[in-house]
Amino acid sequence: MSTKGTKIKIIINLLLLTIILAIIYYLINQSFADIFKELLSTSVQVLLAMFFFGTLYQIVEGRSIKEIAKPFSKSFSTSDGFWTSCYIAFYRIVSFGTGTLISEIYFYNKKGMKFSQGAGVTALHMIMYKLAVITYAVIGLIVQFSLFYEKAPNMIWFIIAGIILTALIILFLVTVSVSLNLQVFFVKVSNRLFKTERLRHWVDTCNSQIYSLRETVQTIIQDRTALIRIYCWNLLKLLCWYVMPYLFLVENHPHLDFLLTFSFISFAVVLSGVLPTPAGIGSFEFVYLLLFRPVVGTVDAVSSLLLYRFGSFILPFIYGFFYVIAERRNILRQEIHEVKAEKKRTKGKN
């Protein structure tokens, strides 16, 4: 590449880094301010528990991702899976939810996978996560059924609707990922609608990508024992998140029922995934406070929500921030080195 082209890449990367830092500054001053204030008034024991379980979630998530990615990248490690999760968390916040899936597929591509393989890994990653979410929500509904039946019977149907909608999302993802009939239908409809050579070329490209995606997912799901392992890792990682509200609240509410808090957080997660709000922002908070406020009061419910948001949302973002900064630093170093090397070659020729 020419020196001019490399310099343009340097400017673009610096501009991108500046935009990222500006967004983070905005988020810290606007969205994260209350959370950081809450951290300052929280006991050391609770903070340590939050950091421990928040980090443990990312480690277990890393192992889960490794199991999914292993058929396509033998060198893909648990550490790579950990940083994948943090990388996704970073771009989820920076892009306000719009770049979540793209960032995950891009990360896999950097690790040597094709985009169709990365899309397949991403699809199965989402499917197994939602399957684990449904599992805990069903268990929670069974455990707390008598309580809801007595205190808030309408809530039962609300939770069941959330579980059914999540199950439909899983069914849709599985169908899109593995159905040959759906792909054939796509080709037939496209051939009828698009007649120009340019559009037909675009259709052929999409069809090729869908075919590769289907092959990728089928490669993963052929190993039934691997699917069981991935499912169990997802159950374990959610366990790390679901115990946190109890740890945050039990200090001020020593008689609080662990199974009650565990069930409530499982309902909040499953419902926030299907409520129609942009990137799920606000839906989780609404359901969380709706469930916990009558039990522990408004102040403690809000306090525990802020701590939970830090452990599950901001902590992986912080890890991802350090990864992205280190990545951008290495890219800029390499590009600056290329410019210097090109200048030396030019001088040598003269």
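As a reminder, the structure under discussion sits directly above these lines.
What counts, and at which threshold
Residues numbered from 1 in each chain as written. Predicted model: local features only at pLDDT ≥ 70, side-chain atom pairs only at ≥ 80, totals over all residues. Heavy atoms only, no water. Core = buried A, V, L, I, M, F, W, Y, C linked by side-chain atoms within 4.5 Å. Buried < 20%, exposed > 50% of the residue type's maximum accessible area, 1.4 Å probe, protein only. Contact = heavy atoms within 4.5 Å. Phe/Tyr/Trp six-rings, centres within 6.5 Å; stacked < 30°, edge-to-face > 60°. Helix = DSSP H or I, 4+ residues; strand = E, 2+ residues; numbered from the N terminus. Lys NZ or Arg CZ within 6 Å of the ring centre and 35° of its normal. Arc of directions from axis to C-beta. Axes fitted to C-alpha atoms, helices over the stretch in contact; angles between N-to-C directions. Parallel < 35°, antiparallel > 145°, perpendicular 65-115°, else oblique. Left-handed = near helix turned anticlockwise from the far one by under 90°. Nonpolar A, V, L, I, M, F, W, Y, C, P; charged D, E, K, R; others polar.

Points about the nonpolar core
For step 1, the next point in the chain: Tyr-242 and Tyr-308 are the most contacted members of the largest nonpolar core, which totals 76 residues.
For step 2, the next point in the chain: If sequence neighbours within four positions are ignored, Tyr-308 has contacts with Trp-241, Tyr-242, Met-244, Pro-245, Phe-248, Ile-265, Val-269, Phe-284 and Phe-313.

Some details on the packing of aromatic side chains
For step 1, the next point in the chain: Counted under the stated rule, the structure contains 29 aromatic pairs.
For step 2, the next point in the chain: Considering the side-chain rings of Phe-90 and Phe-317, the 5.3 Å spacing of their centres and the 10° angle between planes classify their relative orientation as stacked. Here the residue Phe-90 occupies a position in helix 4 (residues 78-94), and Phe-317 occupies one in helix 15 (residues 298-349), the gap between them amounting to 227 residues. For the residue pair Phe-90 and Phe-317, the accessibility class agrees, reading buried in each case.
For step 3, the next point in the chain: Pairing Tyr-136 with Tyr-242 gives two aromatic rings, centres 5.4 Å apart and planes at 65°, and the pair type is edge-to-face. Here the residue Tyr-136 occupies a position in helix 6 (residues 115-143), and Tyr-242 occupies one in helix 11 (residues 224-242), the gap between them amounting to 106 residues. The two residues Tyr-136 and Tyr-242 agree in class, both being buried.
For step 4, the next point in the chain: Members of the aromatic cluster, each reached through a chain of ring pairs, are Phe-82, Trp-83, Tyr-87, Phe-90, Tyr-91, Phe-107, Phe-317, Tyr-319, Phe-321, Phe-322 and Tyr-323.
For step 5, the next point in the chain: Cation over ring: Arg-309 sits above Phe-313, and NZ or CZ is 4.7 Å from the ring centre.

Considering helix 5 (residues 100-110)
For the α-helix, the turn length of 3.6 residues means that residues three or four positions removed from each other point alike.
For step 1, the next point in the chain: Buried residues of helix 5: Thr-100, Ser-103, Glu-104, Phe-107 and Tyr-108, and no others. Buried residues along helix 5 cover an arc of 135° about the axis, so they all sit on one side.

Observations regarding the environment of Met-113
For step 1, the next point in the chain: As for its placement among the helices and strands, Met-113 is situated in the loop between helix 5 and helix 6.
For step 2, the next point in the chain: Met-113 gets classed as buried once you look at its relative accessible area, which sits at 2%.
For step 3, the next point in the chain: It is 8.9 Å that separates the C-alpha atoms of Met-113 and Ala-69, two residues lying 44 residues apart in sequence.
For step 4, the next point in the chain: Setting aside residues no more than four positions away along its own chain, Met-113 makes contact with Ala-69, Phe-72, Ser-73, Phe-76, Tyr-108, Gly-118 and Val-121.

Let's talk about the packing of helix 3 (residues 44-69) against helix 11
For step 1, the next point in the chain: It is at 8 Å that the axes of helix 3 and helix 11 come closest, and there the two elements cross at 165°. Between helix 3 and helix 11, the interaxial angle falls into the category roughly antiparallel. Relative to helix 11, helix 3 is oriented so that their crossing is left-handed. On helix 11, the residues that touch Phe-53, Leu-56, Tyr-57, Val-60, Glu-61, Arg-63, Ser-64, Glu-67 and Ile-68 of helix 3 are Arg-229, Ile-230, Trp-233, Asn-234, Leu-236, Lys-237, Leu-238, Cys-240 and Trp-241.
For step 2, the next point in the chain: A class-by-class count of the residues in the contact of helix 3 with helix 11 yields 11 nonpolar, two polar and five charged.

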